[in-house]
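Close look at the chain arrangement
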Amino acid sequence: YIVTWKITQIYPQVIITSSGVDNATTQCRLEIEEFLMLNMSTPSELKSPCVTRNGMVKLPPNQPNGLGSASITKGTPAAKNRLCQSSSVPSILPPPPSSLPYHHHHHHLDGPGMPNSAAALLASDLEPGKPLVGLKPSLRQLPPLTLPKPMLLERQLVLDEKLLNRLLWYFTTAEKCVLAQVCKTWRKVLYQPKFWEGVTPILHAKELYTLLPNGEKEFVSLQAFALRGFQSFCLVGVSDLDICEFIDNYPLSKKGVRSVSLKRSTITDAGLERMTAIAAISQLLPNLSELSLQAYHVTDTAMAYFTAKQGYTTHTLRLHSCWEITNHGVVNMVHSLPNLTALSLSGCSKITDDGVELVAENLRKLRSLDLSWCPRITDMALEYIACDLHKLEELVLDRCVRITDTGLGYLSTMSSLRSLYLRWCCQVQDFGLQHLFGMRSLRLLSLAGCPLLTTTGLSGLIQLQELEELELTNCPGATAELFKYYSQHLPHCMVIE
């Protein structure tokens, strides 16, 4: 009975069958449950799990999980809620254990007040050979209820790696970080790379070092990250020295880190040279496929430091608010990374139409292009894009304030474009919007903050019957009547008000 109850606590989908229960055993159950509740850990005695915020979990540095105080976040927000997808979670639960000799009815024993954590199961004071202190003497003499063998079976079940490999799929990333601290067996199972696919650790500069008693700083151990096979990292606020230390200390550097994101970093061109010159520092990026960089002091020179192998393997480059990069940097980039399929120049305010022409002529494989917050971009840049980038599926033009209706006319010829973002393009009017009505390939359109669009012009969007998402936030022409009109004529489109 005890085994049945505890299994249902950790694996409620399992139905336990039983047989041969006499009346005396039935009368003893309540007293056994009372005894267990008094002698075993309760949920209130256990550490409360870390509370997630924005997809991140912060673990206290004193917890022995190998993480220090690093944060971990899922790669995409949608992934946080997909806990039981068929691609990663077994659809068939294991059959009920045949060796449990109790009960002849089907039970889902999930009563209130019962200890329901794995830590409580592992913390039981009942051991083989020990008397059951706390039970009535009459109950201790009942042969059918001698507990050492069931308790031993229970411990084996809780530590069964085959069962854990299926059960632990049902937990979120934040919960896995906590469950890895239950015991060595759970940690061993959870530290398999398959449980961490698509997860990117976020490391802040201040978390990369520990202060020694003599006042010196020592770089933290990254062994726990290597055991889980992380191939992508996000480093926040790091300097040139921090990157070099990270490269030297991460055990998987030589095998290849596929994705690196540097946010709010203070690196310079010299730092980038050391980072990407693989022969100089442990060859960190021989198989680099994605680089995301937010650094305000990187210049055009940095775009020439990519090696020949990186030019072959790197397919995604995101440059966010790299204010010093000009069209000369674009020249270096398109020659160093000719196989890019995704490029972001968001906030690179010195890029002009000539730079976009270089991109369109040399990066013909592009499927995603982000030119948001590039105020020097005009309609001419859109003509280059429409003429040369025939595989482009996503185009982001947010805050490109010089784009007019003429530019939308150029874009209307792109048959492969599926997502178009025109947020706060303040010169776009109803006439330009009409060019988009014939773009049957569009699935996502954002017109948020476009002040010159009227209700009449926006109503014509019902011609885009394949549209799946339409964003009209802060759009003066978007009225309640218009949204009702959309609900009738675009029933399959999600309209964001």
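Starting afresh in each chain, residues are numbered from 1 along the sequence in its written order. Only residues with pLDDT of at least 70 get local features here, since the model is predicted, and only at 80 or more are side-chain atom pairs given and counted; chain-wide, interface and lining totals rely on the full set of residues. Excluded from the side-chain calculation are hydrogens and water; included are all heavy atoms of the structure.

1. What to know about the overall build of the protein
What counts as a helix is a DSSP run of H or I of at least four residues, what counts as a strand is a run of E of at least two, and both are numbered from the N terminus. Within the protein one finds 19 helices and 16 strands. Accessible area is worked out with a 1.4 Å probe on protein chains only. A residue is then buried under 20% of its type maximum, exposed over 50%, and partly exposed in between. The buried share among the 497 residues of the protein stands at 48%. Considering only residue pairs separated by 6 or more positions, the protein has 77% of its internal contacts joining residues 24 or more positions apart. The protein chains shown are the only cover counted for residues, whose accessible areas, like all others here, come from Shrake-Rupley with a 1.4 Å probe. Taken as a whole, the protein presents about 24200 Å² of accessible surface, with 54% of it coming from carbon and sulfur. The contact criterion used is simple: two residues touch if any of their non-hydrogen atoms lie within 4.5 Å.

2. So, the confidence of the model for the protein
Here the protein shows a mean pLDDT of 74. Residues at 70 or above account for 65%. The quantity known as pLDDT measures the predictor's confidence residue by residue, on a range of 0 to 100. Per-residue pLDDT stays below 50 along residues 11-136; that stretch engages in 228 contacts with residues further than four places along the chain or on separate chains. In the model, residues 274-283 has pLDDT below 50 throughout and makes 26 contacts with residues more than four positions away in sequence or in other chains.

3. Some words on the pattern of salt bridges
Between side chains of opposite charge, pairing is possible as soon as their charged atoms come close. The salt bridge definition used is simple: a Lys or Arg side-chain nitrogen within 4 Å of an Asp or Glu carboxyl oxygen. For the structure on display, the rule yields 7 salt bridges. We note a salt bridge from E161 to K188, for which the minimum N-O separation is 3.3 Å. Linking E161 in helix α6 (residues 161-167) with K188 in helix α8 (residues 184-190), this pair joins segments that are 27 residues apart in sequence. Across the pair K350 and E324 runs a salt bridge, and its minimum N-O distance is 3.6 Å. One end of the pair, K350, is in the loop between β10 (342-344) and α14 (353-362); the other, E324, is in the loop between β9 (316-319) and α13 (327-336), and 26 residues separate them in sequence. Its relative accessible area of 32% is what places K350 among the partly exposed residues. A residue is classified by how much of its surface remains accessible, and E324, at 35% relative accessible area, is partly exposed. Members of the salt-bridge network, linked through shared partners, are D398, R423 and E471.

4. Points about the environment of A360
The residue A360 is located in helix α14 in this model. The class for A360 is buried, based on a relative accessible area of 0%. When the C-alpha atoms of A360 and L389 are compared, they prove to be 5.9 Å apart, with 29 residues separating the residues in sequence. Not counting residues within four places of it along the chain, the set of residues in contact with A360 comprises Y384, I385, D388 and L389.

5. A word on the pairing of strand β6 (residues 232-236)
Counting buried positions over the 5 residues of β6 gives 5, a clear majority of the element. Side chains S232, C234 and V236 of β6 all project onto a buried face; the interleaved residues F233 and L235 project onto the opposite face, where all are buried too. By the convention used here, strands pair only if DSSP detects at least 2 bridges between them. When strand β3 (residues 199-204) meets β6, the two strands line up parallel, connected through 3 bridges. Each bridged residue has a counterpart across the sheet, and for L203 the counterpart in β6 is L235. Summarising the sheet, β6 and strand β7 (residues 259-265) pair through 5 bridges and their orientation is parallel.

6. Observations concerning unusual backbone geometry
With phi around 55°, S321 is a residue other than glycine that occupies positive phi space. Take S321: it is sitting in the loop between β9 and α13. Unusually for a residue other than glycine, R399 sits at a positive phi of about 65°. Within the element layout of this structure, R399 appears in the loop between β12 (394-396) and α16 (405-411). When its relative accessible area of 33% is taken as the criterion, R399 is described as partly exposed.

7. With respect to the packing of aromatic side chains
Each Phe, Tyr or Trp ring (for Trp, its six-membered ring) is paired with any other whose centre lies within 6.5 Å, and the angle between the two planes then decides the class: stacked below 30 degrees, edge-to-face above 60, tilted in between. For the structure on display, the rule yields 9 aromatic pairs. Ring centres of Y209 and F219 lie 5.4 Å apart, and the angle between their planes is 90°; this geometry places the pair in the edge-to-face category. Remark: F219 occurs in strand β5 (residues 217-219) and Y209 occurs in strand β4 (residues 209-211); sequence separation between them is 10 residues. Judged on exposure class, the residue Y209 and its partner F219 are both buried. Summarising the aromatic geometry, the rings of F246 and Y250 are spaced 5.8 Å apart at their centres and angled 10° between planes, so their arrangement reads as stacked. Members of the aromatic cluster, each reached through a chain of ring pairs, are W196, F225, F230, F233, F246 and Y250. Two thresholds decide whether a charge sits over a ring: the Lys NZ or Arg CZ must be within 6 Å of the ring centre and within 35 degrees of the ring normal. Taking NZ or CZ as reference, K217 lies 4.6 Å from the ring centre of Y209, over its face. Geometry around W196 places R228 over its ring, the cationic atom sitting 4.8 Å from the centre.

8. Side note on the environment of Q465
Mapped onto the fold, Q465 is located in the loop between α18 (455-459) and β15 (469-471). Between the C-alpha atom of Q465 and that of C493, which follows or precedes it by 28 residues, the distance is 8.3 Å. The residues touching Q465, leaving out its near neighbours within four places in the chain, are H489 and L490. Looking at Q465, its side chain comes within polar contact range of the main-chain oxygen of H489, at 3.1 Å. For this analysis, a polar contact is any N or O atom pair within 3.5 Å, provided that within protein one partner can donate a hydrogen and the other can accept it, and provided that sequence-adjacent residues contribute only side-chain to side-chain pairs.

9. Looking at the side chain of S372
Considering the arrangement of structural elements, one finds S372 in the loop between β11 (368-370) and α15 (379-388). On the basis of relative accessibility, which here comes to 4%, the residue S372 falls in the buried class.

10. Section: the packing of α13 against α14
Each packed pair of helices is defined by two parameters, the angle between the axes and the distance between the axes. Put simply, α13 and α14 touch, their axes get as near as 9 Å, and they point 10° apart. As judged from the angle between their axes, α13 and α14 are roughly parallel. Where α13 approaches α14, its residues N327, V330, V331, M333 and V334 are matched on the opposing element by D354, G355, L358, V359 and N362. Partitioned by chemical class, the residues of the contact of α13 with α14 number 6 nonpolar, 3 polar and 1 charged. Axis lines are fitted through C-alpha atoms, for helices just across the contact stretch, and the angle between N-to-C directions can take any value from 0 to 180 degrees. Comment on the angle field: the value is read as roughly parallel under 35 degrees, roughly antiparallel over 145, roughly perpendicular from 65 to 115, and oblique elsewhere. Put simply, Ala, Val, Leu, Ile, Met, Phe, Trp, Tyr, Cys and Pro go in the nonpolar bin, Asp, Glu, Lys and Arg in the charged bin, and everything else, Gly too, in the polar bin.

11. Considering α14
Of the positions making up α14, those classed as buried are D353, G355, V356, V359 and A360. Summarising the axial view, the buried residues of α14 lie within an arc of 155°, below the 170-degree limit, and thus occupy one face. Residues of α14 that are buried in the fold lie against α13, β10, β11 and α15. Relevant arc is that of directions from the helix axis to the C-beta atoms, nothing else.

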